[in-house]
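What follows is each chain in one-letter form.
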Amino acid sequence: MNTINHENYTSIYDGIEVVDALQTRIADIKKTLTIVTELNKWDYAYAEEKWTIKEMIQHCIDCERIFSYRAQHIAREDAQTLNFFDENAYVLTSNAKSRKPEELIKEWTNLMKATYFQFKSFDDETLNRIGKVGDREFSVEKIGFVMAGHSIHHMNVINERYL
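Quick caveat: nothing in here was measured; it's all calculated off a predicted structure.

## Description of the nonpolar core
Here is step 1 of the chain: Ile57, Phe67, Trp108, Phe119, Val140 and Ile158 are the most contacted members of the largest nonpolar core, which has 45 residues in total.
Here is step 2 of the chain: Among the secondary structure elements, those contributing two or more residues to this core are α2 (18-39), α3 (53-75), α5 (101-120) and α7 (140-162).
Here is step 3 of the chain: If we skip the residues at most four places from it in the chain, Trp108 touches Ile29, Leu33, Ile57, Cys60, Ile61, Glu64, Ser151 and Met155.

Pasting the structure below:
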């Protein structure tokens, strides 16, 4: 069920190292989430059938974990093909609406920092390793750029449609 164009995410960071992309996004994300908190928009959805900001942040947390695992899986040369996941099904069972905003911020911030250190530990050979997710091939490095770009994409959506 993966219809996402990953190039939209990876192109955000053309010309910089993946570890820099993973680190610089943290400050940008914190700025957006500070505005969300100041405006008390955590439970807001801009249209019917759209996720609330809490749900969107939980989605970003879920994706960070999944993408990080994918990167580790490929980095350690596990040959098994990984599967895609249904992000809408994940959100339905996430309990995001009952979560406290400060907990979501703290969890995601710590997770992004952990991801940064994970990628900082990879050498060039590891970053260039290729593995399969569904019917597509990804390098470890590309997964890092997808992670960084995905989170910035969602901050752009929040800024453009929710705030």
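## Considering the UniProt feature "domain: DinB-like" (unreviewed entry) in the chain
Here is step 1 of the chain: On the UniProt side, "domain: DinB-like" (unreviewed entry) is annotated at positions that read residues 36-158 here.
Here is step 2 of the chain: This span, residues 36-158, is 62% helix and 7% strand, and a straight line between its end C-alpha atoms measures 9 Å.

## A look at the packing of aromatic side chains
The geometry of two aromatic rings is summed up by the distance between their centres and the angle between their planes.
Here is step 1 of the chain: Overall, the coordinates contain five aromatic pairs when judged by the stated rule.
Here is step 2 of the chain: Ring geometry for Tyr44 and Tyr162: centres 5.9 Å apart, planes at 85°, overall edge-to-face. With Tyr44 in the loop between α2 and α3 and Tyr162 in helix α7, this residue pair connects regions lying 118 residues apart in the sequence.
Here is step 3 of the chain: Assessed through its relative accessible area of 33%, Tyr44 is described here as partly exposed.
Here is step 4 of the chain: Under the relative-accessibility criterion, Tyr162 is labelled buried at 3%.
Here is step 5 of the chain: Judged by centre distance (5.0 Å) and plane angle (70°), the rings of Tyr116 and Phe117 are edge-to-face.
Here is step 6 of the chain: Relative accessible area serves as the criterion here: at 54%, Phe117 is assigned to the exposed category.
Here is step 7 of the chain: These aromatic residues form a ring-pair network of at least three members: Tyr44, Tyr46 and Tyr162.
Here is step 8 of the chain: Taking the ring centre of Tyr44 as reference, the NZ or CZ of Lys41 above it sits at 4.3 Å.

What counts and how
- Residues numbered from 1 in each chain as written.
- Predicted model: local features only at pLDDT ≥ 70, side-chain atom pairs only at ≥ 80, totals over all residues.
- Heavy atoms only, no water.
- Core = buried A, V, L, I, M, F, W, Y, C linked by side-chain atoms within 4.5 Å.
- Buried < 20%, exposed > 50% of the residue type's maximum accessible area, 1.4 Å probe, protein only.
- Helix = DSSP H or I, 4+ residues; strand = E, 2+ residues; numbered from the N terminus.
- Contact = heavy atoms within 4.5 Å.
- UniProt positions renumbered as here; feature names shortened; annotations may be inferred.
- Phe/Tyr/Trp six-rings, centres within 6.5 Å; stacked < 30°, edge-to-face > 60°.
- Lys NZ or Arg CZ within 6 Å of the ring centre and 35° of its normal.

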